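Residue-level listing of the chains:
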Amino acid sequence: MTTSLVDAESILVLDIGTLHTRALFFDVVDGQYRFLAAASAATTAEAPFYDVREGVHAAVLQLQEVTGRVFMDLEARFIVPTQANGDGADRLLVVSSVGPELRIVTLGLLDEVSVESANRLATSICGRVVESIGLNDRRKPEVQMDAVLRASPDLILLAGGTERGATRSIGKLVELISLVCRVTPVEKRPQILFAGNQVLSRKIKEILEKQAPTQVAPNIRPSIDVEDLSPAQQVLGQMVMKIRENQIGGLQTLAATTNLPPISTSQAFGRMIRFLSHVYDPQKSVLGVDLGSAWTTLAVGQGGKLTLDVLPHGSGRGLGKALQHSRIEEIESWLSVHVPQDELRDYLYQKSIFPHTIPTTNEALAIEQAMVRQILRLSTMHLQAQLPGLNHSYEPIVISGGFFSQLPLPGQAMLAALDGIQPVGIGIMLRDTHGLLAAMGAIAPINSILPVQVLESAFENLGTVISPVSDSRYGTPILKVRLEIEQGEEFKLEVKQGALVRLPLKAGQAARIHLEPLNRTEVDPRRKNGGSFKIIGGLCGAVIDARGRELHLPDDAPRRRDMHKKWLATLTS
Amino acid sequence: MIVPVTHISPLITIRRSRLLPEKGQVFVRAGQKVTATDVIGEVLLPGDHLIVDVRRALGLTRPGEAEKLIDRHTGERLQKGDIIAETSGILPRVVRSSADCQIVAIANGQVVLETTPVKHAIKAGFNGTVTEVMPERGAVIETNGVLVQGVWGNQQADYGLLLVLAKTPDEELTRGRLDVSMRGAVVLAGHAAQPDALQAAAELPLRALILASMSADLIPLASSLSVPILLIEGFGRIPMNDAAYQLIASNEKRDVCVNACSWNPLTGDRPEIIIPLPAAGLETRETAELTPGTRVRILNLPYQGRIGTIVYVRPGIATLPNGLHAQVANVQLENDEVVVIPLQNLDVLE
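What counts and how
Residues numbered from 1 in each chain as written. Chains lettered and ligands numbered in written order. Predicted model: local features only at pLDDT ≥ 70, side-chain atom pairs only at ≥ 80, totals over all residues. Helix = DSSP H or I, 4+ residues; strand = E, 2+ residues; numbered from the N terminus. Buried ≥ 20, exposed ≤ 12 C-beta atoms within 10 Å, placed from the backbone. Contact = placed C-beta atoms within 7 Å. Expected span 1.5 Å × (residues − 1). Pairing = 2+ DSSP bridges. Axes fitted to C-alpha atoms, helices over the stretch in contact; angles between N-to-C directions. Domains from an automatic or database assignment. Nonpolar A, V, L, I, M, F, W, Y, C, P; charged D, E, K, R; others polar. Core = buried A, V, L, I, M, F, W, Y, C linked by C-beta atoms within 7 Å.

Visitor: Sorry if this is basic, but what is going on with the overall build of chain A here?
Guide: Broken down by element type, chain A carries 17 helices and 22 strands. With the C-alpha coordinates aligned to their principal axes, the bounding extent of chain A is approximately 75 × 65 × 50 Å. Counting the 573 residues in chain A, one finds 54% classified as buried. Restricting to contacts in chain A with at least 6 residues of sequence separation, those with at least 24 account for 70%.

Rendered as structure tokens:
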């Protein structure tokens, strides 16, 4: 169906990542918004360039070559809006994940309430909580003050006080922050966000703004049993980008030419996951996984509510942090080939020095895939700690990031995600092949039609995954499956505990699947007794992952490696 | 494709900024000659703090009342026992300083005192000449000589006479190879796999240890030692590239400055070896294009650490044997073998 677009506009998005800068171009073709082209160059935020515009320039020049359209004039200035001769783009936007880990200090009243919420708020940005102070903190005020000073924060998050609740205790924390700022040189003072009792907002802003840039946001803990991070996340995201503009050479100048202020990749990514949570079953959660070089973002959307969890673990620059939190045996357990532990450790630490390198041998690729599974495990466990009630049943799971998009076989990407995330129940897995999700999240506020129209073509459907949960022993039948392919054959099979099965469904082919759980198996938290429903085949057909939750790998290394190979063969053959 | 370069340069002009973390004192002037260990500036970083609540101590109700009684100002130095505030009357109540300190803030009837600031000094790091002074911030030091950049360091720095221990670029360092005659020297060795070897270097002690590579499981130990340890290639059994080995080895018995800092691409800090030479150096560039004729080091298996020259950058994207896609170049190794390497896996050497 063709939609009439009265205010049709072309959009150029500059996606500045830790390692790569991409220029993404969207325009209207045949009355529909389309993603037309992308070009990439190395990010130049670091030495010896210290200016992201070099990388942006290189990426846009390449985009010009690809599209034949001119986006910059002879003085390398962006042409916005589109000129009569067709040069330029109507809108220019920037999304960025580049920058060092931000140091965050959180302050609140009760440790298990506002301090915990402030800590959770902190996990929605590329940062680390380096100091945390609550009312139960028994240290003397000067010791607390020294702790904050030594933490040298970029950001202070102050929460506490339910609506119309405590005010006096908050005053003490404000006093502490104020003193910290007074003894810190002006150029090193942190930005401050207050997201507590709204009665105090104006007064606190007035007091603290004299010392350091201060923002206020809606209360993240409006009552003792209600947490609402979303509005504060948005304000915090904007503050982060302001810090980045001061940290990253060229970003501020670039920001002056864009139609909206730059947005962080994780926030833009999260915005699209929240949107998807409106589109899909509001009773189920949408999971977005964006695995970058320096950061991994997990975004969970449910009925329009978003949880963002950003971790400093990545497949390149973030490898060092991931290694600090992993035992070498854990990484080794994901290997499909034999690599001695010393060599495995050496390879990964070497990769952390040269994060931009790509594996050229099968063995090196196997190591990097094993590490990604470990990073996904770490991230999933962290998410579980943030959202204790999460049941890991998602519809859909969207996987994004350079690692996933570079894998040549869709089955490699799906298996890595299944191993790492270990979802339960029934859900589709989608791959953001061109890495467009964050760009569309950046576009959404100025053009809500574009993401809707581009979304479908942005994803590769890897297939429906059914992950039943059963206590049965390995090899016990747990599920009877009947697959009726539309205008085609019918297949029947019995799935045993421990198996990974690919159903014979081609990409795009529709089928009706009938599931009959055996031996107290739970097919899905919301469809405990199975039943029948329609599915569409993805690039990996449809998959039943009955390997168990949590997935226990054999201790015997040769047998374990054989199983990894067998599972990969199942999804890639 | 424009990329940063790694310097393995026999004679260039080397300029390095040495900056204080905060405003402080700079002790050098432009044109002054400095040695590696000369302190060129220092700053007093904040020590511990004491918060004196004058309002509470004097039993007052309003902060404003307390502030009127504080007869001190921010920046003032106090000795232990000095009066900070006192009430009037025949029997005044007083608040005294409990330590030698400086007043750093007065607010809301509270006085913040800073005790025992921590002195932080910056050294020149190599023998050279001060070419620019940034008042209160630091200076730029310049010299001519050899520059070899490494990939990892244990955050220590020192300088001394160079001794070449490794007969070949891949020789393994063992405790037995180090002896007392090397005490106080900067030693060039090959690969370290045993903790014992690093411990021996610290025990002697050496002034610094330059290695081709090291097992990654030695990172915690190496990071805890005060002897500077610098890796030219990285982790794993990687022989030192021939260009670096020949260049460093040919300067045996010269004074070598080893800055084994960690590599921080955001700040541009990189572990490096500087050997000042009494000759005019060439100006150098920090970026280069991956074009035919460019000398490169291969960063990844199976040719890791080998040096070659780009002979052809293939247009478009190639498929690698493992199925990944990348832009690649034909690289002629020093033994004339031509291999195909992704551009991302090449490091330009200058």
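Visitor: Just checking my understanding: could you explain the overall build of chain B for this structure?
Guide: What chain B contains, in helices and strands, is five helices and 31 strands. On the principal axes, the C-alpha backbone points of chain B span a range of 95 × 55 × 45 Å. Sequence separation of 24 or more characterises 61% of the internal contacts of chain B that already satisfy a separation of 6 or more.

Visitor: When you look at helix 8 (residues 265–279) of chain A in this model, what are you seeing that I'm missing?
Guide: In an α-helix there are 3.6 residues to a turn, and that puts residues three or four apart on one side. Compared with the 21 Å implied by 1.5 Å per residue over 15 residues, the 21 Å span of helix 8 of chain A between its first and last C-alpha is a close match. The element helix 8 of chain A is largely enclosed, with a buried count of 13 among its 15 residues.

Visitor: Is there a simple way to think about the sheet that holds strand 4 (residues 91–96) of chain A in this case?
Guide: The pairing of strands in a sheet happens through backbone hydrogen bonds and is either parallel or antiparallel. All names here are of chain A. Taken in spatial order, the five strands of this open sheet run 3-2-1-4-10, and their pairing is mixed. Every interior strand has two partners, whereas the edge strands, strand 3 (32–42) and strand 10 (263–264), have only one. Two strands pair when backbone bridges link them, and strand 2 (residues 20–29) and strand 3 are joined in this way by ten bridges, in the antiparallel orientation. In the strand pairing of strand 3, Leu24 is matched with Ala38. Strands in contact with helix 16 (residues 449–458) are strand 1 (11–16), strand 2 and strand 3; relative to strand 3, the strand with the most contacts, it is inclined by about 70°.

Visitor: Would you mind going over the sheet that holds strand 5 (residues 102–107) of chain A with me for this structure?
Guide: Residue and element names in this part refer to chain A. The sheet built from five strands is open, its strands ordered 6-5-7-8-9 with parallel pairing. Each end of this open sheet is capped by a strand with a single partner; those strands are strand 6 (127–133) and strand 9 (214–216). Here the strands of the sheet are splayed against their neighbours by 20° on average, with no regard to which way each runs. Taken together, the six bridges between strand 5 and strand 6 define a ladder with parallel strand orientation. The residue of strand 6 that forms the bridge with Leu107 is Ile133.

Visitor: Whenever I open this one, the domain arrangement of chain B confuses me. Can you help?
Guide: Size of an interface: often given as the accessible area lost when the parts come together. All names here are of chain B. Along its sequence, chain B is organised into domain 1 (7–42 + 123–276), domain 2 (47–115) and domain 3 (290–349). Look at where the C-alpha atoms of domain 1 and domain 3 centre, and you get two points 29 Å apart. With seven residues of domain 1 at the interface, the matching set in domain 3 holds six residues. Broken down by class, the residue content of the side of domain 1 that touches domain 3 amounts to four nonpolar, one polar and two charged.

Visitor: Please explain the interface of chain B and chain A as it appears in this structure.
Guide: The interface of chain B with chain A comprises 40 residues on the first partner and 37 residues on the second. Among the elements of the structure, strand 1 (2–6), strand 6 (48–53), strand 10 (101–107) and strand 21 (229–235) of chain B are those that each provide at least two residues to the side of chain B that touches chain A. Per-element accounting of the side of chain B that touches chain A gives the leading share, four residues, to strand 6 of chain B.

Visitor: Before we go on, may I ask you to explain the pairing of strand 15 (residues 425–432) of chain A in this structure?
Guide: Where a strand is regular, its side chains alternate between the two sheet faces. All names here are of chain A. Counting buried residues in strand 15 gives eight out of eight residues, a clear majority hidden from the surface. Pairing analysis gives three bridges linking strand 14 (residues 394–400) to strand 15, with the strands arranged parallel. By the bridge assignment, Val398 is partnered in strand 15 with Leu430. By the bridge criterion, eight bridges tie strand 15 to strand 16 (residues 459–467) in an arrangement that is antiparallel.

Visitor: Sorry, what's going on with the nonpolar core here?
Guide: Burial of nonpolar side chains together is a common tendency in soluble globular proteins. In terms of nonpolar packing, the biggest core is built from 266 residues, with A:Leu157, A:Ala417, B:Ile210, B:Leu211 and B:Val258 touching the most fellow members. Broken down by element, the residue count for this core peaks at ten residues, all from helix 12 (residues 362–386) of chain A. Residues in contact with B:Ile210, not counting those within four places in the same chain, are B:Val186, B:Val187, B:Leu188, B:Ala189, B:Leu230, B:Ile232, B:Ile248, B:Val258 and B:Ile273.

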